[in-house]
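Results of the structural survey
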Amino acid sequence: MAVQTIEHLWIPLIDGTRLGARLWLPEGAEAAPVPAILEYIPYRKRDGTRGRDEPMHGYFAEHGYAALRVDMRGTGESDGLMEDEYLRQEQDDALEVIAWIAEQPWCSGAVGMMGKSWGGFNGLQVAARRPPALKAIITAYSTDDRFRDDIHYMGGCLLNDNLWWGAIMLAYQSRPLDPEIVGPSWRESWLKRLDHLPFFPALWMRHQRYDDYWKHGSVQEDWSAIECPVLAIGGWADSYTNAVPRLLEKLHVPRLGIIGPWGHIYPQDGVPGPAIGFLQEAVRWWDHWLKGQDRGIMQEPMLRAWLSDSYPPDGTRGETPGRWVGEPALPSPQIRPLALGLAPDGSLRLDGTSIAGERSIRSPQSHGRAGGEWMGTGCVGEMPVDQRLDDGGALLFETAPLNEDLPVLGAPVLHLRLKADAQQAQIAVRLSEVLPGGEAVRVSYQVLNLAHRDGHEAPEALTPGEWVDVRITLNDCGHRFAAGNRIRLAVATAYWPLVWPAPYAATLTVDTGASRLELPRRERDDDVSPAFPPPERGSATPTTQLDAGSVRRWSTQDHVTGERLYVTEGVGGLFGEGVLRFDEIGTELSHTLRRELTIRDDDPLSARYVLTQSYEMGREGWRTRTETRCELTSDRETFHLTGQHVAFENGQEVHRRDWDERIHRDHL
């Protein structure tokens, strides 16, 4: 089907604000209206996500849908200012956008909403507001719980990616409006945005428990609010997968889930592979719920998940071996907990019997260097490497070689009875498969701020020397432990550079006799695998790569000072894409970011995080650049967070902002 692409149009809101949109329209839609699909995010439809949008939304239009990419208020060429993520105003604007779409002469009145990450979040949030025209959503790599499973905190610990993402937001949201769209007013509007630019990482660090700030937009607060069908997408290499089983279990509407081996990438381009024909699946979903055509999508299992096989540890993995499995419902009757016992000799007992005894651990503060990135995005070197690099700093429990394959699908749970010698402590738990040559592959993990042991709303300090019972739910996983291999459980007291260290170097003592590990064993492993077609896409947007860029990551140890250094660096392209030009609009983009984290193994208060980045965009006669520097340090009571942001137009400085924040540590 022929498609008309409208580069820019305005969607008017009641308060006079205009939101910018890009529209892909099937030929003849004005005479024969079609359903519409909305993606609503703050990442610039003109140039920020153009390379991803064109082949996806163009594909939907080729299959009989009007597809719209709308920039939120205060982003791209849209009017207004951005204050924060997931605000009520963001949802209110979306309700108006959906109503406007439904009233257009080319729209049948039925609207679907889809998105990845931010767009997956607000798809759920807007669905909970129940706009009449919204008939179904697809939410990819999102969460129902903004505190427990987002980029700011994990298990009540501060993720170092909070600073990474906050700094990226400074770069993204300080990009100028395009003069070809808004005219001469672009500079005045740009400078106004720069004056108003929030210091994003500080916004999120001020909320260190599950308070009303995080409850807003967490759809788990009222599952019944969502009344339209939901297709939820996750990936084992991504960080937003835990929500998919919860959505399938808790929602009361027609719902399906797909969890592949991928990172934070739409599944038609999924890495690690195999990628799937996700756009075909999406069209089947939209045909069913927006056109009333039965394409068999609702006869699929409620959950289709990739069950991985054993593979060697490698920071870069293009493919994950395994197969697709299907579960008709969640919770599944064929997934049952398998108890493994802990013993003081370090054995992990397959007979489920725990043996009384005590084992203690105080990990070096740099424990965690083998962990890879919190969120996989398809970059080289981002996956967890051989876990033996960290195992020497952890308390280990290991099974004998398995007599048969052991498939698991779901969330492992560790029950521990423990005590600490400090009032504040962290625990980091890793589940690995040990290969015959000794290599250890991380299958799942979790961190927990032990002040949050009874929940994230009211943290409570530990009493040194007092035994407490702790339940740690590891990240959901789908993996088949192979016969002849071993299962290893590692318990540590730090997980750097993934999370900011606790204020004390605590020693934890585990009562093995009162502890156990539960694996979600999938008892049936001979069922027919669900099948997906190979990926299809629409036409790509014309793009020229001006420079290949580079991605590097490394760590070092200074044997004189004891300082550990961990560095990641993307030059030219944040995720390895290099310097690009979108040929249709002539806009060139270059994004460089460097993270340097340092710590000494004997001192958690020595932790320091420095992030620098530059973002360049423009074309001949119109060139802009922003530079950012953020730094985080702490003492036992306070975080010290500084930032600087400088903007340039055609090589001349036009704006500068500085921040200097002191933020109290709230049981963190």
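Residues numbered from 1 in each chain as written. Predicted model: local features only at pLDDT ≥ 70, side-chain atom pairs only at ≥ 80, totals over all residues. Heavy atoms only, no water.

Let's talk about the packing of aromatic side chains
Using the criterion set out here, one finds 29 aromatic pairs in the structure. Seen in terms of ring centroids, Trp186 and Trp622 are 5.9 Å apart; in terms of plane orientation they differ by 85°. Their pairing is edge-to-face. One end of the pair, Trp186, is in helix α6 (residues 186-196); the other, Trp622, is in strand β32 (residues 622-634), with 436 residues separating them in the sequence. An identical accessibility class is assigned to Trp186 and Trp622; each is buried. Relative to Trp204, the ring of Phe200 lies with its centre 5.9 Å away and its plane at 35°, an arrangement referred to as tilted. Within this pair, Phe200 and its partner Trp204 are both found in helix α7 (residues 200-205), separated by 4 residues, close to a single helical turn. By the burial criterion, Phe200 is buried, and Trp204 matches it. Residue placement shows Lys291 over the ring face of Tyr65; its charged tip is 4.2 Å from the ring centre. The lysine or arginine in question, Arg625, covers the ring of Phe648, its NZ or CZ lying 4.1 Å from the ring centre. (Phe/Tyr/Trp six-rings, centres within 6.5 Å; stacked < 30°, edge-to-face > 60°. Helix = DSSP H or I, 4+ residues; strand = E, 2+ residues; numbered from the N terminus. Buried < 20%, exposed > 50% of the residue type's maximum accessible area, 1.4 Å probe, protein only. Lys NZ or Arg CZ within 6 Å of the ring centre and 35° of its normal.)

Remarks on unusual backbone geometry
Glycine aside, a negative phi is what most residues show, and trans is what most peptide bonds show. Residue Pro274 is reached from Gly273 by a cis peptide bond, and omega for that bond is 10°. One non-glycine residue, Ser117, adopts positive backbone phi at about 65°. For Ser117, the position within the fold is in the loop between β5 (107-116) and α3 (118-127). Non-glycine residue His667 carries a positive phi angle of around 55°. A relative accessible area of 28% places His667 in the partly exposed class.

Some points on the environment of Thr17
Among the secondary structure elements, Thr17 is positioned in the loop between β1 (3-12) and β2 (18-26). Separated by 62 residues in sequence, Thr17 and Asp79 place their C-alpha atoms 5.7 Å apart. Once residues within four sequence positions are removed from consideration, Thr17 is found in contact with Ile11, Pro12, Arg73 and Asp79. (Contact = heavy atoms within 4.5 Å.)

Side note on the packing of helix α1 (residues 50-62) against helix α10 (residues 278-290)
Here α1 crosses α10 at 40°, and the two axes come no closer than 11 Å. Classified by the angle their axes make, α1 and α10 are oblique. Here α1 and α10 pass one another in a crossing that is right-handed. Between α1, through Pro55, Met56, Tyr59 and Phe60, and α10, the contact on the second element is made entirely by Leu279, Gln280, Ala282, Val283 and Trp286. Counted by class, the contact of α1 with α10 contains 8 nonpolar, 1 polar and no charged residues. (Axes fitted to C-alpha atoms, helices over the stretch in contact; angles between N-to-C directions. Parallel < 35°, antiparallel > 145°, perpendicular 65-115°, else oblique. Left-handed = near helix turned anticlockwise from the far one by under 90°. Nonpolar A, V, L, I, M, F, W, Y, C, P; charged D, E, K, R; others polar.)

Brief notes about the pairing of strand β3 (residues 34-41)
Burial runs high along β3: 8 of the 8 residues are buried. Bridge count for β3 against β5 is 4 bridges, and the pairing is parallel. Its bridge partner being in β5, Leu38 is matched across the sheet by Met113. One ladder, built from 6 bridges, connects β3 with strand β4 (residues 66-71); its direction is parallel. Its bridge partner lying in β4, Leu38 is registered against Leu68. The handedness of the β3 to β4 crossover, carried by α1, is right-handed. (Pairing = 2+ DSSP bridges. Right-handed = clockwise from strand over helix to strand, strands pointing away.)

A look at the sheet that holds strand β16 (residues 395-398)
Strand order in the open sheet formed by 4 strands is β16-β23-β19-β20, and the pairing between neighbours is antiparallel. With partners counted over all chains shown, the strands left at the sheet margins are β16 and β20 (440-449), one partner each. Ignoring strand direction, the axes of neighbouring strands in this sheet form an average angle of 15°. When β16 meets strand β23 (residues 486-492), the two strands line up antiparallel, connected through 4 bridges. Bridge assignment links Leu396 to a residue of β23, and that residue is Ala490.

Observations concerning helix α2 (residues 88-103)
Counting along an α-helix, one turn takes 3.6 residues, and residues three or four places apart therefore face a common direction. An ideal rise of 1.5 Å per residue puts 22 Å on 16 residues; α2 measures up with 23 Å between its terminal C-alpha atoms. When we look at burial in α2, the residues that qualify are Glu90, Gln91, Asp93, Ala94, Val97, Ile98, Trp100, Ile101 and Ala102. (Expected span 1.5 Å × (residues − 1).)

A look at the environment of Gly393
The residue Gly393 is located in the loop between α11 (388-391) and β16 in this model. Gly393 sits 240 residues away from Tyr153 along the chain, and the two C-alpha atoms are 23 Å apart. Those residues in contact with Gly393 that lie beyond four places of it in its chain are Ile361, Ser363, Pro364, His367 and Ala492.

Things to note about α3
Counting buried positions along α3 gives 10 out of 10 residues, so the element sits mostly inside the fold. Taken residue by residue, α3 has Trp118, Gly119, Gly120, Phe121, Asn122, Gly123, Leu124, Gln125, Val126 and Ala127 as its buried positions.

Some thoughts on the side chain of Arg73
The residue Arg73 is located in the loop between β4 and α2 in this model. Given the relative accessible area of 16%, Arg73 is considered buried. Among the polar contacts listed, one links the side chain of Arg73 to the side chain of Asp15, at a separation of 2.9 Å. Contact partners of Arg73, with chain neighbours within four places excluded, come to Leu13, Asp15, Thr17, Leu19, Ser78, Asp79, Gly80, Leu81, Met82, Gln89 and Asp93. (Polar contact = N/O pair within 3.5 Å; in protein donor to acceptor, adjacent residues only side chain to side chain.)

Points about the pattern of salt bridges
This model, assessed by the stated rule, comprises 70 salt bridges. Counted as one network, the salt bridges with shared partners bring together Glu7, Arg22, Arg46, Arg50, Glu54, Asp178, Glu180, Glu584 and Arg619. (Salt bridge = Lys/Arg side-chain N within 4 Å of Asp/Glu carboxyl O.)

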